[in-house]
Amino acid sequence: DTEVTQTPKHLVMGMTNKKSLKCEQHMGHRAMYWYKQKAKKPPELMFVYSYEKLSINESVPSRFSPECPNSSLLNLHLHALQPEDSALYLCASSQDATSSSYNEQFFGPGTRLTVL
Amino acid sequence: DQQVKQNSPSLSVQEGRISILNCDYTNSMFDYFLWYKKYPAEGPTFLISISSIKDKNEDGRFTVFLNKSAKHLSLHIVPSQPGDSAVYFCAAPASGTYKYIFGTGTRLKVLA
C-alpha cells in the first residue's frame, strides 16, 4: 500500500465554522506533512510531524491546528478561517524525517477547501 | 530568495516528440533533486529523482540530467504522450532539513 488518503475531498466552510481535515497512511512512514497550495503556485510547507511530534511549524496562524494521534494519522483542525485560506491542502508522508538520507515524499490527493 | 526556479511556466510539445523541462537552483548543498507531476485536483506524484553525485538518471521514458557546474537540471520525456500533460515541479530538500523547496512548476501540454 503506497497510498496517502485524505478526507474530505472538498470542504466548504464559513468563517465561524470548526472543521477538520484528515490524512492517513499505512506505509509505516514516521514523518507526515501538511502543505497548502494556491492556484498556479508550488506547495508551501505548513507543518512537519516526525515520530508523532511536531518538528516544524512554518509560522502558520493559530487558526490552523495540527494533530498527530498516531503514526498513521494526521489531522488539521480549522477554526475561524479567512477567505484567503481557501486552497488545496495536501498531506504527505515520508519514511522518516532525517535530513541525511534520501526521503521521497508521497502526497495525498488533497482537500479542496473553500472558505466563504 | 527562490532557491529552486523553473523559468518556463508552460510548454507545448507534439505527441511523440521530446519534452524538456528545466530547473535551476542556487544552493550547491542540495543532496538530491526530485521531479513531481501534478494533475489538476490531485496531489503531486513522484516521478524521478537524482542524487547530487550523479549526472543522469533514467527511468523508462523519463531521464533527468544534472549539471552541477551550471546548477541546472532538466527532465526529458521521450516520446511525449498526451497523458503526460500536467504540471511538473522540481524540488530539493533544504540543506540540513527535510523541508522540500519546490520550483514554481511548468505546465506541459502534449498535443495529439
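Further up the page is the structure itself.
What counts, and where the lines are drawn
Residues numbered from 1 in each chain as written. Chains lettered and ligands numbered in written order. Predicted model: local features only at pLDDT ≥ 70, side-chain atom pairs only at ≥ 80, totals over all residues. Heavy atoms only, no water. Salt bridge = Lys/Arg side-chain N within 4 Å of Asp/Glu carboxyl O. Helix = DSSP H or I, 4+ residues; strand = E, 2+ residues; numbered from the N terminus. Buried < 20%, exposed > 50% of the residue type's maximum accessible area, 1.4 Å probe, protein only. Disulfide = S-S within 2.5 Å.

### Describing the pattern of salt bridges
Link 1 in the chain: A full pass over the atoms with the stated rule returns six salt bridges over all chains.
Link 2 in the chain: Two residues, lysine 56 of chain B and glutamate 58 of chain B, come together in a salt bridge whose shortest N-O distance is 3.9 Å.
Link 3 in the chain: Here aspartate 84 of chain B ties to arginine 61 of chain B by a salt bridge, and the two come within 2.8 Å at their closest N and O atoms. Residue aspartate 84 of chain B is found in the loop between strand 8 (72-77) and strand 9 (86-93), and its partner arginine 61 of chain B is found in the loop between strand 6 (56-59) and strand 7 (62-67); the two are separated by 23 residues along the sequence.
Link 4 in the chain: Given the relative accessible area of 21%, arginine 61 of chain B is considered partly exposed.
Link 5 in the chain: Because the salt bridges share partners, they merge into one network encompassing Lys36, Arg63 and Asp85 of chain A.

### Examining the state of the cysteines
Link 1 in the chain: According to the stated counting rule, one finds two disulfides over all chains in the structure shown.
Link 2 in the chain: The residue that forms a disulfide with cysteine 23 of chain A is cysteine 91 of chain A, at a sulfur-sulfur distance of 1.8 Å. A torsion of -70 degrees about the S-S bond marks the disulfide between cysteine 23 of chain A and cysteine 91 of chain A as left-handed. Of this pair, cysteine 23 of chain A sits in strand 3 (residues 18-25) while cysteine 91 of chain A sits in strand 9 (residues 87-94); the two residues are 68 residues apart in sequence, bridging distant segments of the chain.
Link 3 in the chain: Each sulfur of the disulfide joining cysteine 23 of chain B and cysteine 90 of chain B lies 1.9 Å from the other. In this structure the cystine formed by cysteine 23 of chain B and cysteine 90 of chain B twists about its S-S bond by roughly 65 degrees; its chirality is therefore right-handed. Of this pair, cysteine 23 of chain B sits in strand 3 (residues 19-25) while cysteine 90 of chain B sits in strand 9, placing them 67 residues apart in sequence. Per residue, the accessibility class of cysteine 23 of chain B equals that of cysteine 90 of chain B, and both read buried.
Link 4 in the chain: There is no disulfide at cysteine 68 of chain A, and the cysteine sulfur nearest it, in cysteine 23 of chain A, is 9.2 Å away.

### Focus: unusual backbone geometry
Link 1 in the chain: A cis amide bond links threonine 7 of chain A to the next residue, proline 8 of chain A, at an omega of -5 degrees.
Link 2 in the chain: If you trace the backbone, proline 8 of chain A turns up in the loop between strand 1 (4-7) and strand 2 (10-13).
Link 3 in the chain: Cis geometry is adopted by the peptide bond preceding proline 79 of chain B, which originates at valine 78 of chain B and carries an omega value of -5 degrees.
Link 4 in the chain: As for its position among the elements, proline 79 of chain B is in the loop between strand 8 and strand 9.
Link 5 in the chain: The residue alanine 80 of chain A is not glycine, and still its phi comes out positive at about 60 degrees.
Link 6 in the chain: By the element assignment, alanine 80 of chain A lies in the loop between strand 8 (73-79) and strand 9.

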